[in-house]
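Examination of the molecular architecture
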Amino acid sequence: MDNGFILHGPSGPLVAPLGSSVILPCHVDEPLLMEDLEVEWRRKESETLVHLFQDGESRPEAQQQDYQDRAHFFTEEIKHGNFSLRLDNLRAEDKGEYTCTVHTQLESGETEVQIKDVERLLVSGSDRSISAYVGEDITLNCSVDSHLTPVDFEQVSWKKTDEDEDILVLLYQNNKAFPDSSNERYRDRVEFFTAEIPKGNFSVRLKRVRTEDKGVYMCQVFAGRASANATVVLEQLGFSGLHIIMLILCISASGSALLLCCLIYCRSQTEGLIVQKSCNLNVYLGVSVVIPCHVPPHLLTEDLKVEWKRRSRNSETLVHLYEDGAETQQQDYQDRAHFFTDHIKHGNFSLRLDNLRAGDEGEYTCTVYSKRDCVFSAKTNVVLKFWVTDKFVPLGSSVVLPCQVKKRLLKKSLKVEWRRTRRTDSETLVHLYEDGESRPEKQHKDFHRRAHFSNKKIKDGNFSLRLKNLRAEDEGVYRCEVYRDEECVFSTDTELELVLTVEPCLHTPAPLGSSVVLPCYEERLSRMEALKVQWRRTDSDSDSDSETLVHLYEDGESRAEKQQQDYRDRAHFFTEEIKHRNFSLRLDNLRAEDEGQYTCTVHSGLSQNRRKFSTDINVLLRLLDTVFHLQMFLVFCPNILMFLAFVLWGFSEGSVFETVSCSALYFLRPLMLLWTAPYVNNFTGDIKTWVLYYSYDTEYIVFSAVFYSVLFKSAYDKSLNYAGFEGVVIIVLFIMALLLNLFYIIFSLARLTGKFSERIKAIFSVLAGIIFTVLPSMQFILLFFSFGSTGDVYFNIT
């Protein structure tokens, strides 16, 4: 130091982080006169001028170029004796010794300042972009070069830099990793290499890479006032095995839809269909019946073989055989079983069975073979039943034969006899009441333990006979005769008549362009004089009562000139069968326009004693089994494939919201397609009812419940910026939406099971109707209130 004043510097060498600012101290105890004051800062070893204060101001133009805009005086402090220098953006080459020299008019002084070390904070990533397959694990490199220990690092963060925002991948703070702070896209998929952190290695492992992970990642390090960062680019992503499977499923879904549409179009052009629909056909013994079998035209080949067989009590009998253009039959069916030979070329192999017998009961199967392979099969049951008191009673069951005696006739001498009369044998005693009691020992042995009175009802004059375990041999007329003092005072007859029920006539398929037989029999018609038979059609989709005359038989002949034009040369009677009370109609060259309700009306007898009989048959336009199955594949196959594709996409890409919503949508979509399908009438029974009335509601409600469940989770995870009243309202709206959907699901299940009273069902129905009306509006309010005008989540809905 020189004379006069003493300059003070630092107590020791300085150490500062790279890139930071450092103050080089230089000051005096007492302020100096500003007149002729000069302060000079230089590098000691090179005499480089760092900064100069002269003539009352800083002289930056005199600085060495490396220090321009980096070295500054505290100008306002110089007059107070503070000549310290601030050096910004510290560099490694700034390390060394500096001299602070102060000159006044009379005196001068000098002090030295040493920057002993410049602490480095260098962060490096990957020099090249990273390539990976989706589903693989990768490492994002981040190495920190510094004299500081990791304990001194305030924060290390990994972020994905998207266009609109930075997404936090992983955070290290206060010597601890915070995986819960990661964005939901990266939660449970990223981790530090904990053992490497003390070495300054803050690389992270990214597990199960997804397509959406592609982009730029930045590793940012903060230590004191210093910070540095490095970037890693994840650029190329190859397809994984799951992606290849998803691609195959998506292509298969679209391909299957196109293929099925083509097949449906091709099939429907040649096989569109008519289905004859009627109730079970009841035919009396001794007459004829037609058992239907219509073979699709595309199955008709030169080597066609058609077998009709009857199965009864585990035995099988060949009824009729068509092979190589020739027909053969079993002995019992000779001259009784016939094909409609002229219509074989149209695929009509229906069997006409004449002179029906009780032994004809059984299951009849029409089987079609082509090149020894079975290509078509149709079954019809012919069941033996009794016709008694205006109803049909199956064999093996019980029947009550009525006999009610007036109470005034009830006396001790009363005798009641039940007898059966048949054409083939004499009278048989079925049951006897005499001397105030039943006399089962006098019954015919065939009725032992099968024919009974109800003793409790005898006191009221009810001598009705209960006949159990009905047999075919029970056929006949049963007469109840009441005697008092050997005089017959009352009698009544009940007939047990055997009939054969052909079931089902329901759903007899006949391809367009082929022939179909519409059955009409009336064996009980006693008079054939003045016979008139009309077949008329009422359109199924017509709102009017207009009818079309299909065919007319009158005055002993068919009256083709009175037919509607469309049915001329297409609608025919079996003229030779009319005398056998068979008024069935054969309809050739079937068309889609033939759909409708067909009514057969029979009039007989003279005008003063005229009888009328009618039967209804519905002919519905429906899909053949082949086309129907193709339609079902079209509804289910592409949607199930897309459902599986989104499930796999969930495993590879991992977005819960989109995965669950889209999977639920494709899984439920067949319900809406079935509901809107034009072929819904092809379904029957409970399935048809469910499709028509429940499927649409079920899809909407179940999808809404699933959608709002994952939406609520998404909103909760993102912690929307709502607090207080608004937050409570959002939670309440979400819960109400879910509860309303849950109520509607319960209502649908209750309606299906039907285990509730009508009153409860009515209450449920009213509430469900209100819910279904209110729910869409409430859902819109919920979305708008929760997510505002940003529309991020609302876009997903649309």
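Residues numbered from 1 in each chain as written. Predicted model: local features only at pLDDT ≥ 70, side-chain atom pairs only at ≥ 80, totals over all residues. Heavy atoms only, no water.

1. Remarks on the overall build of the protein
Selection rule: The way it works is that DSSP assigns letters per residue, a run of H or I at least four long becomes a helix, a run of E at least two long becomes a strand, and they are numbered from the N terminus. To sort residues, take the accessible area from a 1.4 Å probe on protein chains only and compare it with the maximum for the residue type: under 20% means buried, over 50% means exposed, and anything in between is partly exposed. All accessibility values rest on the Shrake-Rupley procedure with a 1.4 Å probe; residue burial counts only the protein chains present in the view.
Secondary structure assignment for the protein yields 10 helices and 50 strands. Among the 798 residues that make up the protein, the fraction classed as buried is 43%. Of the accessible surface of the protein, which amounts to about 42,400 Å², a share of 51% is contributed by carbon and sulfur atoms.

2. What about the state of the cysteines?
Defined as follows: Throughout, disulfides are identified as pairs of cysteine sulfur atoms within 2.5 Å of each other.
What the rule picks out here adds up to four disulfides. A sulfur-sulfur distance of 2.2 Å marks the disulfide that ties cysteine 26 to cysteine 100. Its torsion about the S-S bond being -75 degrees, the disulfide of cysteine 26 and cysteine 100 is classed as left-handed. Of this pair, cysteine 26 sits in the loop between strand 3 (22-24) and strand 4 (27-28) while cysteine 100 sits in strand 10 (residues 96-103), and the two are 74 residues apart along the sequence. Neither cysteine 26 nor cysteine 100 differs from the other in exposure class; each is buried.

3. Quick look at the sheet that holds strand 5 (residues 38-43)
Condition: Should DSSP find at least two bridges between two strands, the strands are regarded as paired.
Overall, mixed pairing links the six strands, which are arranged 2-11-10-5-6-7 in an open sheet. Unpaired on one side and paired on the other, strand 2 (14-17) and strand 7 (57-58) mark the two borders of the sheet. Looking at chain direction, strand 10 and strand 11 (residues 108-119) are connected through eight bridges and run antiparallel. Paired with tyrosine 98 across the bridge in strand 11 is valine 113.

4. Structural notes on the nonpolar core
The condition that has to hold: As used here, the term nonpolar core means buried Ala, Val, Leu, Ile, Met, Phe, Trp, Tyr and Cys residues forming a set that is joined through side-chain atoms within 4.5 Å. Throughout, a residue-residue contact means that at least one pair of heavy atoms, one from each residue, lies within 4.5 Å.
Counting residues in hydrophobic clusters, the biggest one holds 60 residues, and the most contacted among them are Val289, Trp308, Phe349, Trp418, Phe463 and Leu496. In terms of residue count, the dominant contributor to this core is strand 32 (residues 373-388) (five residues). Other than its neighbours up to four places away in sequence, valine 289 contacts Leu281, Val283, Leu351, Arg352, Leu353, Leu356, Val502 and Tyr521. Of all hydrophobic cores here, the second largest spans 32 residues; its members include Val123, Cys142, Phe153 and Leu170.

5. A few points about the packing of aromatic side chains
Rule in force here: Only centres within 6.5 Å qualify two rings of Phe, Tyr or Trp (six-membered ring in Trp) as a pair; their planes then separate them into stacked at under 30 degrees, edge-to-face at over 60, and tilted for everything else.
Following the criterion strictly, the structure yields 17 aromatic pairs and no others. With a centroid separation of 5.9 Å and 85 degrees between ring planes, the pair formed by tyrosine 172 and phenylalanine 192 is classed as edge-to-face. Of this pair, tyrosine 172 sits in strand 17 (residues 166-173) while phenylalanine 192 is found in strand 19 (residues 190-192), placing the two residues 20 residues apart along the sequence. Among the residues examined, tyrosine 172 registers a relative accessible area of 3% and is labelled buried. Taking relative accessible area as the criterion, phenylalanine 192 reaches 8% and is therefore assigned buried. Chaining the aromatic ring pairs together yields one cluster made of Phe153, Tyr172, Phe192 and Phe202.

6. Section: a nonpolar patch on the surface
Test applied: Nonpolar side chains (Val, Leu, Ile, Met, Phe, Trp, Tyr) are joined into patches within 5 Å and like charges within 9 Å, using only residues with over 30% relative accessible area and no salt bridge. Definition used for salt bridges: Asp or Glu carboxyl oxygen within 4 Å of a side-chain nitrogen of Lys or Arg.
Taken together, the side chains of Ile731, Ile735, Leu739, Leu742 and Ile746 make up a nonpolar region of the molecular surface, amounting to roughly 450 Å² of accessible area. Locating isoleucine 735 in the fold gives a position in helix 8 (residues 725-753).

7. Quick word on the confidence of the model for the protein
Where we set the bar: Confidence of the prediction at every residue is given by pLDDT, a number between 0 and 100.
Taken as a whole, the protein shows an average pLDDT of 79; of its residues, 82% reach a score of 70 or greater. Long-range and interchain partners of residues 789-798, a stretch whose pLDDT sits below 50, account for nine contacts in this model, where long-range means more than four residues apart.

8. Examining the pattern of salt bridges
Considering all chains together, one arrives at 33 salt bridges under this definition. For arginine 439, the salt bridge goes to glutamate 434, with nearest N and O atoms at 3.9 Å. Summarising the burial analysis for this pair, arginine 439 and glutamate 434 share the class buried. With its nearest N and O atoms 2.8 Å apart, the salt bridge here joins glutamate 561 to arginine 559.

9. Concerning the sheet that holds strand 38 (residues 451-452)
Across the sheet, three strands lie side by side as 34-39-38; this open sheet has antiparallel pairing. A strand with exactly one partner marks an edge of an open sheet, and here the two such strands are strand 34 (399-401) and strand 38.

10. Let's talk about a negative patch on the surface
Note the threshold: Lys and Arg are tallied as positive, Asp and Glu as negative. Neither His nor the chain termini are counted. Lys charges are placed at NZ, Arg charges at CZ, Asp charges at CG and Glu charges at CD.
On the surface, a cluster of negative charge is contributed by Glu302, Asp303, Glu323 and Asp324. Within the element layout of this structure, aspartate 303 appears in the loop between strand 25 (289-291) and strand 26 (304-312). The exposure class assigned to aspartate 303 is partly exposed, which follows from its relative accessible area of 33%.

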